[in-house]
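# An overview of the molecular structure
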Amino acid sequence: MPRMVTITVDGARILTPEGSNVLEAALEAGICIPNLCHVPGVTPLGACRVCVVEIIENGRRRLTASCTLEARDGMVIEAHSENVMRARRNIVELLLAEAPNSRAIQDLAARVGVTECRYPMRNNTCVLCGRCVRVCDEIWQSKSLGLVGRGPSRRVALPFDVRPDLCKRCNNCIQVCPMTITPCPGPLTEPAICARCESQTSMVENIPDTCVMCELGRGFQCARWQLKGLDARA
Amino acid sequence: MDAKQLDPILNNRGSEPYEIMEVLQDIQDLYGFLPEPALRAASASLGVPLIEVFRLANFYKAFSLKPRGRHLLTVCNGTACHVKGAPRLLDELMARLNIAPGETTADEAFTLETVNCLGACALGPVIVVDGVYYEHMDPSKLDGLLETVRSRDRELVPHA
Ligand code: SF4
Ligand code: SF4
Ligand code: FES
Ligand code: FES
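In every chain, residue numbers begin from 1 and rise along the written sequence. Written order determines the labels here, with chains lettered from A and ligands numbered from 1. Under the rules for a predicted model, residues below a pLDDT of 70 receive no local features and side-chain atom pairs below 80 are neither given nor counted, while totals for whole chains, interfaces and linings still include all residues. The side-chain values count all of the structure's non-hydrogen atoms but skip hydrogen atoms and water molecules.

### What to know about the interface of chain B and chain A
Each partner contributes to the interface: chain B provides 14 residues, whereas chain A provides 14 residues. When a carboxyl oxygen of Asp or Glu lies within 4 Å of a side-chain nitrogen of Lys or Arg, that pair is called a salt bridge. The residue K143(A) makes a salt bridge to E52(B) at a minimum N-O spacing of 3.8 Å. Between N or O atoms, a polar contact is any pair within 3.5 Å; within protein, one atom must be a potential hydrogen donor and the other a potential acceptor, and residues adjacent in sequence are included only when both atoms are from side chains. Linking chain B to chain A there are two residue pairs in polar contact (both at pLDDT 80 or more). In this description a helix means any DSSP run of H or I spanning at least four residues, a strand means any run of E spanning at least two, and both kinds are numbered starting from the N terminus. Put simply, the parts of the chain that give the side of chain B that touches chain A at least two residues each are α3 (36–46) and α4 (50–59) of chain B. Ranked by residue count, the leading element in the side of chain B that touches chain A is α4(B), at seven residues. In the scheme used here, Gly and all other residues not listed as nonpolar or charged are polar, with Ala, Val, Leu, Ile, Met, Phe, Trp, Tyr, Cys and Pro taken as nonpolar and Asp, Glu, Lys and Arg as charged. Looking at side-chain class alone, the side of chain B that touches chain A contains eight nonpolar, one polar and five charged residues. Contacts: residue pairs with any heavy atoms within 4.5 Å of one another.

Here it is in structure tokens:
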């Protein structure tokens, strides 16, 4: 039995095993912290910053990603303060501008209440979440893929851009990729916010802080669905 | 690429994965760039996954995956050099050599690159040729500079 620690998330006291991360602890307890790059059971990377929360220490508040935040006894977390919501919307807005062609990103935007996108839409094919790379490396022990290059030239690549012998052709890299879920009523003719899931978006105003196992989360492969052992794919 | 030349590097450097950086540096020195077969050999010999070798080769500016020319021209385009006219110098060099930054001339004599500040801003604009700094450059000095390098190149490769 691992030692248990108690943390407080949005006022709720949560008992969680020592060493677990705040994102998983909150999701297990039914608190919704939207997330994208995290895959349970795989080393958190903190690449997307969608899971941003506020940690309150000695009366000071600081924004940080919750997936890479290790739960410590007595930790106080705010996951839905004004500050957090604003930061999260902005982060998702940036993601949306990168990849409006992904259903996962569109769903995420709907869940956090992004209704406008102030950045130019780019229609990229990858948001550099690193899910594929970590799953290949850690679950399949394959190390076939990597994040290569720096800054704007960073990309997911195979060594010398050819499929290495190490690759097991498990296709898991594609399954966990948020870009492989196309928007529902067919691709948008031009990049825009789709926001067609009105039945779902009402939850943004009404229940932003409770995980309701929403269909949106299933779409964007939210870690909660995976923690529950359910098929994360829509 | 002569694969025999690779053996001493791989043998001398031992076989520990953490020695990969030294091995890559030696390979870069030997061939002037990192040839794919050499990286595959290094990966197998040191037990470092090929993707990690590829990542390192892509990460550091000191490494190149493409063959480089015998002479490396680096134009500083950092803030200070930029305002002192580096873009003009770069344009002139690109026109004279008929290549873009990162490329190598067809005769493999020159590779052109840019860098963002060399820490010698007071000397700007700076061009580095084969490790030697040329300070306060202006377009009128370029022909002379290129001719010096070309004559040195003729000694290096008499038939060229
Ligand atoms: S298909 Fe190949 S590259 Fe993709 S996760 Fe599996 S082993 Fe890795
Ligand atoms: S290819 Fe897909 S899973 Fe991999 S980093 Fe890009 S968006 Fe993420
Ligand atoms: S940074 Fe935490 S889920 Fe992406
Ligand atoms: S900007 Fe060129 S040396 Fe600093």
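### Comments concerning the domain arrangement of chain B
Segmentation of the chain into domains, including their bounds, is taken from an automatic or database domain assignment. For chain B, the assigned domains read domain 1 (3–59) and domain 2 (71–156). Distance between the C-alpha centres of domain 1 of chain B and domain 2 of chain B: 29 Å.

### Details of the sheet that holds strand β2 (residues 110–115) of chain B
Residues and elements named next belong to chain B. Two strands make a pair as long as DSSP finds a minimum of two bridges between them. Overall, mixed pairing links the four strands, which are arranged β2-β1-β3-β4 in an open sheet. Where the open sheet ends on each side, the last strands, each with one partner, are β2 and β4 (132–134). With direction set aside, neighbouring strand axes in the sheet form an average angle of 25 degrees. Bridge analysis of strand β1 (residues 71–76) against β2 gives six bridges, and the strand direction is parallel. Along β2, the bridge assignment pairs H71 with F110. Between N-to-C directions, angles span 0 to 180 degrees; the directions come from axes that are lines fitted to C-alpha atoms, helices contributing only their stretch in contact. Sheet contacts for helix α6 (residues 86–97): β1, β2 and β3 (127–129); angle to β1, the most-contacted strand, approximately 150 degrees.

### Regarding the site of ligand 2
Ligand 2 sits among C126(A), V127(A), L128(A), C129(A), G130(A), R131(A), C132(A), V156(A), C177(A), P178(A) and M179(A). Split into classes, the residues belonging to the shell around ligand 2 amount to nine nonpolar, one polar and one charged. Near, as used in this document, describes a residue that has one of its heavy atoms within 4 Å of the molecule or strand being considered.

### A closer look at unusual backbone geometry
Glycine aside, residues mostly have negative phi, and peptide bonds are mostly found in the trans state. With an omega of -5 degrees, the peptide bond between G124(B) and P125(B) qualifies as cis. If you check the backbone angles, N123(A) has positive phi at about 60 degrees while not being a glycine. Note that N123(A) resides in the loop between α3 (103–112) and α4 (131–139). Phi at Q141(A) takes a positive value of approximately 50 degrees, unusual for a residue other than glycine. Note on placement: Q141(A) falls in the loop between α4 and β6 (146–148).

### Overview of the environment of L146(B)
Residue and element names in this part refer to chain B. Looking at where L146 falls in the secondary structure, it is placed in helix α7 (residues 142–156). With relative accessibility at 4%, the residue L146 sits in the buried group. Taking the C-alpha atoms as reference, L146 lies 25 Å from L30; in sequence the two are 116 residues apart. Not counting residues up to four positions away in its chain, the partners in contact with L146 are L73, L93, R96, L97 and F110. In this scheme, a residue with accessible area under 20% of its type's maximum is buried, one over 50% is exposed, and one in between is partly exposed, where area comes from a 1.4 Å probe on protein chains only.

### With respect to the environment of K228(A)
Residue and element names in this part refer to chain A. For K228, the location among the structural elements is in the segment after α8 (223–227). Using a relative accessible area of 45% as the deciding quantity, one classes K228 as partly exposed. Sequence spacing of K228 and A47 is 181 residues, and the spatial spacing of their C-alpha atoms is 23 Å.

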